[in-house]
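A look at the structure
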Amino acid sequence: MSRRALLQYLELLKQSGIRQLYHEPAGAQAALDKKALLKSLALKYSDCDKCPLAAGRLNLVYGEGNENSIAMFIGEGPGDNENKIGKPFVGAAGQLLDKMLAAINITRQDIYITNIVKCRPPENRNPSTEERLACLPYLVEQIQIIQPKILFIMGLVAAQSLLGNTNTLTWHRQSCHEFMGIPAFVSYHPAALLRNSNWKRPAWEDLQAFQKEYEKLL
Ligand code: URA
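1. Considering the pairing of strand E3 (residues 112-115)
- Across the two faces of E3 the burial is the same, with Tyr112 and Thr114 and Ile113 and Asn115 all buried.
- Sheet topology places strand E1 (residues 64-65) next to E3; two bridges connect them, and they run antiparallel. Within the sheet, the bridge partner assigned to glycine 65 lies in E3 and is tyrosine 112.

2. Quick look at the packing of aromatic side chains
- Overall, the coordinates contain eight aromatic pairs when judged by the stated rule.
- The interplanar angle of 25° and the centroid separation of 4.0 Å between the aromatic rings of tyrosine 45 and tyrosine 138 together place this pair among those described as stacked. Placement of tyrosine 45 in the loop between helix H3 (34-44) and E1 and of tyrosine 138 in helix H6 (residues 129-146) is noted, with a sequence separation of 93 residues between them. Both residues of the pair, tyrosine 45 and tyrosine 138, belong to the buried class.
- In this structure an aromatic cluster arises from ring pairing among Phe73, Phe152, Phe185, Phe210 and Tyr214.
- For lysine 50, the ring lying beneath its charged end belongs to tyrosine 138, and the centroid distance is 4.7 Å.

Thresholds applied
Residues numbered from 1 in each chain as written. Predicted model: local features only at pLDDT ≥ 70, side-chain atom pairs only at ≥ 80, totals over all residues. Heavy atoms only, no water. Buried < 20%, exposed > 50% of the residue type's maximum accessible area, 1.4 Å probe, protein only. Helix = DSSP H or I, 4+ residues; strand = E, 2+ residues; numbered from the N terminus. Pairing = 2+ DSSP bridges. Phe/Tyr/Trp six-rings, centres within 6.5 Å; stacked < 30°, edge-to-face > 60°. Lys NZ or Arg CZ within 6 Å of the ring centre and 35° of its normal.

Below you can see the structure in the form of structure tokens.
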């Protein structure tokens, strides 16, 4: 990780209230049952009240997928269907995500999927800065446990939240970034692709760029 990226990451952690970092002794992480650990954390946070989104929560949408995957897909936040069911990307955007994955020979079982915020923002509005920062420690912890080697960030809100800037989606799509030292690709959110099919072509190019790196890391 470059010095700039490290400072940016530490600042983000500081803003979200994280005051201490620890490093697992070598080998200890491998010994942990990641699946059981993630399950117990999802349960532990299911009554989180750190931000106003708790008020509309039917289910905390912690994340789902292959905890041993090298790839993590990160969206913005649960919608109505996800809030009801407790799993990420189960609505129309999720169906499109499945098709996008299939186009690059990936299934849901190959990857881990989660969101910036784990509870549904009312009327699907963008999560506020306060809400994003309150939830960030959960994502950081998921990344520390799963240890993906590549990230695919879906949409501007997720990109700006993780990469700590206010740049446009076009800017974010131009290069591969880093979050917690992990290469991070940015593309359109599947819900945006459902609204504007002109973005499908550039989204396909983003997916192919991701696929190239993903397959190198397998
Ligand atoms: N949109 C998201 O960003 N995440 C979901 O889980 C569903 C829709």
